[in-house]
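# Reading the structure
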Amino acid sequence: MLACLLFVIASTTSAQKGKSALTVRLINLESTTKDPFRYNATLSNGSGQTKVYELHAQLPEGWNASFRAEGSLVAGLRMDSGRTQDLSIEITTSPQTKPGKYTIPVTAVSYNDTLRAELQAVVKGSYGLELTTPTGRLSDDVTEGRKKQITLTIRNTGSLPLNSLELQTQAPTGWSATFEPSSIQRLDPGQSQDVTATLSVPDKTIAGDYVTNFTARNNDATSTATFRMTVKTSLLSGWIGVLVILLSLGIIYYLIRKYGRR
């Protein structure tokens, strides 16, 4: 991908005539895909005339570049003869970039001159893990005394594989959960796998909202999904409650009839 920014800003310091150049102080930087690469550069116009320079950065697909002068993003650079301008170049990689060293040609082009520099970006591997559901919904309902199956999606959002992922749960007292599968041996970057969590709700659980935390983890990454479960009373329990109330009312009525005459 070709990123091109035209700078229009006056230079601030002097340069020796005849020594036009684009120089970078630290050309080799190391970072992960989560953090940008920041380079400090200097553009010098050593010619005998004012020039307008365009800057180009030849980037891998999915990468982006931005240029700053005096701390602000700019769109062009106009430089008088014998002047220099400090620039900063910020490069962000694609999240799917594989670890390795990448060479990035950068050029400053005027109507009759091209200045060149080469940057090197050493991309380190990074770990990333996301635990969610296929739809992103993190709530559901269940009847007390029943079981509820919940589909969880585990996604590798980093650039390195994840090994030996374990699944855990933190549920209300008396609740329990099982997973199928109970662990994932390997999950490559960009891949995802669905896991079925079976949540068991004990009998006589009071109706209401309860929170369960599902966690996927290994030694390198951890992700937790907070799931809200609404417990409903079973139909049988409801009828039993009604019968108990009716029976109580019948007993009271009987006692009133029997002893109320005395």
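Residues numbered from 1 in each chain as written. Predicted model: local features only at pLDDT ≥ 70, side-chain atom pairs only at ≥ 80, totals over all residues. Heavy atoms only, no water.

Moving on, we get to the overall build of the chain. Secondary structure assignment for the chain yields one helix and 21 strands. Sequence separation of 24 or more characterises 73% of the internal contacts of the chain that already satisfy a separation of 6 or more. (Helix = DSSP H or I, 4+ residues; strand = E, 2+ residues; numbered from the N terminus. Contact = heavy atoms within 4.5 Å.)

This brings us to the sheet that holds strand S15 (residues 147-156). Sheet architecture is open: four strands sit in the order S13-S15-S19-S17, paired in antiparallel fashion. Looking at which strands have only one partner, the edges of the open sheet turn out to be strand S13 (129-132) and strand S17 (176-180). This sheet shows a mean twist of 25° between the axes of neighbouring strands, independent of strand direction. (Pairing = 2+ DSSP bridges. Axes fitted to C-alpha atoms, helices over the stretch in contact; angles between N-to-C directions.)

This next bit is on the packing of aromatic side chains. Applying the stated criterion across every chain, the model contains four aromatic pairs. Considering the side-chain rings of tryptophan 63 and tyrosine 102, the 5.1 Å spacing of their centres and the 55° angle between planes classify their relative orientation as tilted. You can see tryptophan 63 sitting in the loop between strand S6 (51-58) and strand S7 (64-69) and its partner tyrosine 102 sitting in strand S11 (residues 100-110), a full 39 residues away along the chain. Take tyrosine 102: its relative accessible area is 23%, and that puts it in the partly exposed class. Centre to centre, the rings of phenylalanine 179 and phenylalanine 214 are 6.1 Å apart; their planes meet at 80°, and the pair counts as edge-to-face. Of this pair, phenylalanine 179 sits in strand S17 while phenylalanine 214 is found in strand S20 (residues 208-217), placing the two residues 35 residues apart along the sequence. One aromatic cluster in this structure is built from Phe179, Phe214 and Phe227. (Phe/Tyr/Trp six-rings, centres within 6.5 Å; stacked < 30°, edge-to-face > 60°. Buried < 20%, exposed > 50% of the residue type's maximum accessible area, 1.4 Å probe, protein only.)

Further remarks concern the environment of threonine 226. The residue threonine 226 is located in strand S21 (residues 222-232) in this model. Relative accessible area serves as the criterion here: at 44%, threonine 226 is assigned to the partly exposed category. Residues threonine 226 and threonine 169, spaced 57 residues apart in sequence, show a C-alpha to C-alpha distance of 9.9 Å. Other than its neighbours up to four places away in sequence, threonine 226 contacts Leu138, Val211, Thr212 and Asn213.

Attention shifts here to the pairing of S11. Pairing of S6 with S11 involves four bridges; the strand directions are antiparallel. Considered in S11, the bridge of alanine 57 is made with valine 106. As defined by bridge partners, S11 adjoins strand S12 (residues 113-124) across eleven bridges and the pair is classed as antiparallel. If you follow proline 105 over to S12, its bridge partner there is glutamate 118. Hairpin connection between S11 and S12: a loop of two residues separates the two successive antiparallel strands.

Let us look at the confidence of the model for the chain. Looking at the chain as a whole, its pLDDT mean stands at 85, while 82% of the residues score no less than 70. Across residues 1-16 the pLDDT falls below 50, and counting only partners more than four positions away or on other chains, this stretch makes 72 contacts in the model. (pLDDT = per-residue confidence, 0-100.)

A few words on the side chain of glutamate 144. Within the element layout of this structure, glutamate 144 appears in the loop between strand S14 (139-143) and S15. In this structure, glutamate 144 is buried with no salt-bridge partner, the nearest side chain bearing the opposite charge being arginine 146 at 7.7 Å. Of note is the side chain of glutamate 144, whose polar atom sits 2.8 Å from the backbone nitrogen of lysine 204. (Lys, Arg positive; Asp, Glu negative; His and termini not counted. Salt bridge = Lys/Arg side-chain N within 4 Å of Asp/Glu carboxyl O. Polar contact = N/O pair within 3.5 Å; in protein donor to acceptor, adjacent residues only side chain to side chain.)

This part is about the pairing of S12. Across five bridges, strand S4 (residues 28-32) lies against S12 in parallel orientation. Across the sheet, the residue bridging to glutamate 30 is valine 122, located in S12.

Let us look at the side chain of threonine 107. Along the chain, the position of threonine 107 falls in strand S11. If we skip the residues at most four places from it in the chain, threonine 107 touches Leu22, Glu54, Leu55, His56, Thr114, Leu115 and Arg116.

Attention now moves to unusual backbone geometry. Each neighbour pair has its own omega, and for glutamate 180 with proline 181 the value is 0°, a cis peptide bond. Mapping proline 181 onto the fold places it in the loop between S17 and strand S18 (183-187). One non-glycine residue with positive phi stands out, namely glutamate 70, at about 55°. Along the chain, the position of glutamate 70 falls in the loop between S7 and strand S8 (72-73). Classification of glutamate 70 by relative accessible area gives exposed; the value is 57%. One non-glycine residue, serine 164, lies in the positive phi region at around 55°. Tracing the backbone through its elements, the reader meets serine 164 in strand S16 (residues 162-170).

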